[in-house]
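Structure assessment
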Amino acid sequence: MATMGRNTAAPLLFLNLVLYILVVGFGSWCLNRFINGQTNNPGFGGNGATMFFLVFSILAGVVGVVSKFSGGNHIRAWRNDSLAAAESSSLVAWAITALAFGLACKEINIGGHRGWRLRVLEGLIIILAFTQLLYLFLIHAGVFSSRYGPGYRDPDYGSGAPAVDPGHKGGVAAATRV
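Residues numbered from 1 in each chain as written. Predicted model: local features only at pLDDT ≥ 70, side-chain atom pairs only at ≥ 80, totals over all residues. Heavy atoms only, no water.

Overview of the packing of helix α2 (residues 50-77) against helix α3 (residues 80-110)
- Contact geometry of α2 with α3 gives a least axis separation of 8 Å together with a crossing angle of 155 degrees. It follows from the interaxial angle that α2 and α3 lie roughly antiparallel. When the axes of α2 and α3 are compared, the crossing they make is left-handed.
- Across the contact of α2 with α3, the residue classes tally to 17 nonpolar, 11 polar and 2 charged. (Axes fitted to C-alpha atoms, helices over the stretch in contact; angles between N-to-C directions. Helix = DSSP H or I, 4+ residues; strand = E, 2+ residues; numbered from the N terminus. Parallel < 35°, antiparallel > 145°, perpendicular 65-115°, else oblique. Left-handed = near helix turned anticlockwise from the far one by under 90°. Nonpolar A, V, L, I, M, F, W, Y, C, P; charged D, E, K, R; others polar.)

Quick look at the structure:
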């Protein structure tokens, strides 16, 4: 019955992966235009917060994509040992996404002309800030009940090994003194 958390976290993992890939794509295009000095292009625009927003959004996108690999491993294995890697990498990705979210809000607040690609990137970061947090809660739901996934106190963890030492299995008998 522990597949309830897995069945809800897996589609969200895939959605976040696609959104992070889009963030890397749009962020890279916008950063290329910004570095080339094409901010007067009608398709781009920008303001004082744009450079910082672009750097943090690309960083969030790359870390987010990489964290989804460990998240996919956890969805496949669905054990406590894979939960640690998935949770820590997703938490770092969410923290960087939250920083980019704050800069997106600042960029919207400053105003000015922003092209459609930059507005799409802002929207993707805002959506990802919430969906990544929801994903963190879903893979961590096993803390509250084992019905939702692996928790921290599973009694059958490591049940593949015997509980007691089987002792000496034989071999050469002990030599006696003559």
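After presenting the structure, the write-up continues.
Observations concerning the nonpolar core
- In this structure, Val23, Phe53, Leu54 and Leu118 are the most contacted members of the largest nonpolar core, which totals 18 residues.
- Broken down by secondary-structure element, the contributors of at least two residues to this core are α1 (3-35), α2, α3 and α4 (116-139).
- Aside from chain neighbours lying at most four places away, what touches Phe53 is Ala100, Leu103, Ala104, Glu107, Leu118, Leu121, Glu122 and Ile125.
- By size, the runner-up hydrophobic cluster in this structure holds 8 residues, among which are Leu13, Ile75, Trp78 and Ala86. (Core = buried A, V, L, I, M, F, W, Y, C linked by side-chain atoms within 4.5 Å. Buried < 20%, exposed > 50% of the residue type's maximum accessible area, 1.4 Å probe, protein only. Contact = heavy atoms within 4.5 Å.)

A word on the packing of aromatic side chains
- In this structure the tally under the stated criterion is 2 aromatic pairs.
- Taken together, a centroid distance of 6.2 Å and an interplanar angle of 80 degrees make the contact between Phe26 and Trp116 edge-to-face. You can see Phe26 sitting in helix α1 and its partner Trp116 sitting in helix α4, a full 90 residues away along the chain.
- Trp116 gets classed as partly exposed once you look at its relative accessible area, which sits at 43%.
- If you follow Arg117 out to its NZ or CZ, it ends over the ring of Trp29, 4.1 Å from the centre. (Phe/Tyr/Trp six-rings, centres within 6.5 Å; stacked < 30°, edge-to-face > 60°. Lys NZ or Arg CZ within 6 Å of the ring centre and 35° of its normal.)

All we've got here are geometric facts, nothing functional implied.
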